[in-house]
Amino acid sequence: MSARNDHPILTNRKVVVLLALFCCVLWGSSFPAIKNGYALFGIAPVDVPTKLVFAGWRFVLAGALLLAYAVLSGKRVGGFSRRTLGQFAILGITQTTLQYVFFYIGLAYTTGVKSSIMNATGTFFSVLLAHFIYHNDRLSFHKLLGCIVGFVGVMVVNVGAGLGGMSFDFTLLGEGFIVIAALVLAAASIYGKRISQGIDPIVMTAWQIVIGGAALLAGGYATGGALTGFTPASSALLAYLALLSSLAISIWSLLLKYNRVSMITAFNFMVPVFGAVLSAVFLHESILEWRNAVALVLVCWGIWLVSKEPAADSRREVATT
């Protein structure tokens, strides 16, 4: 029996949509939460080491929560082979450490609304990578068109008003690092899907974010970072970030394990929608500028196009190894 048939609820389309959207709401909320965290902890934009410490504690705590849940659920959390531990380490260093080094730095140099929209480029990368890895996940007309439409949306949000007309408002440390983080996440998610076929996704997620978080902490402290300014508000925000990471990443890993990569990652287009709305609410940023409104419409259209698959294709799940 296939893995898909073992867990029919995780392949039920309505359940998949609801869980994927829930993850997107959580990830969307991380944009204003992180920026508010910088303010509450007094972290300056140029203080990269302390940003790494901030991120490291978030993920170590998130991994600890998941490991505690796994133990209470009777899952095996230890005794893995050296090969499996190596896979955990690779996934942790890429999906958590490397991705969030770029993400946390990038977020400090651009707005929450813009970052949430730029982050949608991860969907393009996932769909393109899946085309070359999975037999049942080839590029179709709708996928290609959806990627193009979504990419245009990301381009639109970077159009600014320069001298003498329009200009392209894009910096390497800001928008560039957000795009690099999205590329790293796309590649790491596909690798995570591959190794999750023989490992419980919750346990895999727990160890990879503990390892990735520990690497962030080590790098941050080694370069002079120090997280201070703990108050009830800042501590509650850090706890929320840890909780959203443990929930969103573990649910997403389960969805990736039992469904096609392109079907699940297509929902990444909703992260900018929730991220933009929540950033507008909590950071008092504008989503009513013409470029933000047009970009959101385009990325929403993109997700619909990318996820529009023939019924026959949705029943096939034959992956290469």
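Residues numbered from 1 in each chain as written. Predicted model: local features only at pLDDT ≥ 70, side-chain atom pairs only at ≥ 80, totals over all residues. Heavy atoms only, no water.

### Regarding the overall build of the protein
Now for step 1: The number of helices and strands found in the protein is 14 helices and 2 strands.
Now for step 2: By the burial criterion, 53% of the 321 residues in the protein qualify as buried.
Now for step 3: At a minimum sequence separation of 6, the contacts of the protein that also span at least 24 residues come to 87%.
Now for step 4: Accessible area for the protein stands at about 13800 Å²; split by element, carbon and sulfur atoms hold 72% of it. (Helix = DSSP H or I, 4+ residues; strand = E, 2+ residues; numbered from the N terminus. Buried < 20%, exposed > 50% of the residue type's maximum accessible area, 1.4 Å probe, protein only. Contact = heavy atoms within 4.5 Å. Areas by Shrake-Rupley, 256 points an atom, 1.4 Å probe, with all protein chains shown as cover.)

### Here we look at the nonpolar core
Now for step 1: Residues W27, I34, F54, F103, Y104 and W252 are the most contacted members of the largest nonpolar core, which totals 68 residues.
Now for step 2: Looking at which element gives the most residues to this core, the answer is helix α10 (residues 232-258), with 11 residues.
Now for step 3: In terms of nonpolar packing, the next biggest core, distinct from the first, is built from 9 residues, A70, F88, A188 and I195 among them. (Core = buried A, V, L, I, M, F, W, Y, C linked by side-chain atoms within 4.5 Å.)

### Regarding helix α4 (residues 82-108)
Now for step 1: The terminal C-alpha atoms of α4 lie 38 Å apart, and with 27 residues this matches the ideal 39 Å at 1.5 Å per residue to within 8%.
Now for step 2: If you look at α4, its biggest bend is around 35°, right at Y100. (Expected span 1.5 Å × (residues − 1). Bend = angle between axes of the 7 residues up to and from the residue.)

### Looking at the environment of K193
Now for step 1: Its location among the elements puts K193 in helix α8 (residues 172-196).
Now for step 2: For K193, a relative accessible area of 4% corresponds to the buried category.
Now for step 3: Sequence-wise, K193 and K257 are 64 residues apart; in three dimensions their C-alpha atoms are separated by 5.5 Å.

### Re the packing of helix α2 (residues 13-40) against α4
Now for step 1: In contact at an axis separation of 10 Å, α2 and α4 are set at 70° when each is read in the N-to-C sense. Considering their axes alone, α2 and α4 lie roughly perpendicular with respect to each other. Counting all contacts with α2, which are made through F31, I34, K35 and Y38, the residues of α4 involved are F103, Y104, L107 and A108.
Now for step 2: For the contact of α2 with α4, the class distribution of residues is 7 nonpolar, no polar and 1 charged. (Axes fitted to C-alpha atoms, helices over the stretch in contact; angles between N-to-C directions. Parallel < 35°, antiparallel > 145°, perpendicular 65-115°, else oblique. Nonpolar A, V, L, I, M, F, W, Y, C, P; charged D, E, K, R; others polar.)

### With respect to the pattern of salt bridges
A side chain with one charge can pair with a side chain of the opposite charge if their charged atoms come near.
Now for step 1: According to the stated counting rule, one finds 1 salt bridge in the structure shown.
Now for step 2: The closest approach of N and O atoms between K75 and D200, which form a salt bridge, is 3.1 Å. Note that K75 is positioned in the loop between α3 (48-72) and α4 and D200 in the loop between α8 and α9 (201-222), a separation of 125 residues in sequence.
Now for step 3: Residue K75 is classed as partly exposed on the basis of its relative accessible area of 28%. (Salt bridge = Lys/Arg side-chain N within 4 Å of Asp/Glu carboxyl O.)

### Quick look at the packing of aromatic side chains
Now for step 1: For the structure on display, the rule yields 13 aromatic pairs.
Now for step 2: For the ring pair W27 and W252, a centre distance of 5.0 Å and an interplane angle of 75° mean the geometry is edge-to-face. Of this pair, W27 sits in helix α2 while W252 sits in helix α10, placing them 225 residues apart in sequence.
Now for step 3: Owing to a relative accessible area of 6%, W252 belongs among the buried residues under this scheme.
Now for step 4: Between F102 and F177, the aromatic rings sit 5.0 Å apart at their centres with planes inclined by 85°, giving edge-to-face as the arrangement. (Phe/Tyr/Trp six-rings, centres within 6.5 Å; stacked < 30°, edge-to-face > 60°.)

### Observations concerning the confidence of the model for the protein
Now for step 1: Residues at a pLDDT of 70 or more form 85% of the protein, whose mean pLDDT is 80.
Now for step 2: Low pLDDT, under 50, characterises residues 161-166; the predicted model gives this stretch 6 contacts beyond four residues in sequence or across chains. (pLDDT = per-residue confidence, 0-100.)

### Here's the deal with a nonpolar patch on the surface
Now for step 1: Residues F22, L65, L243 and L247 make up a contiguous nonpolar surface patch of roughly 330 Å² in combined accessible area.
Now for step 2: Overall, the relative accessible area of 38% leaves F22 in the partly exposed class. (Patch = residues over 30% accessible without salt bridge, like charges linked within 9 Å, V, L, I, M, F, W, Y side chains within 5 Å.)

### Quick word on the environment of G63
Now for step 1: For G63, the position within the fold is in helix α3.
Now for step 2: Separated by 179 residues in sequence, G63 and A242 place their C-alpha atoms 8.1 Å apart.
Now for step 3: Non-local contacts of G63, meaning those with residues more than four positions away in its chain, are made with A206, I209 and V210.

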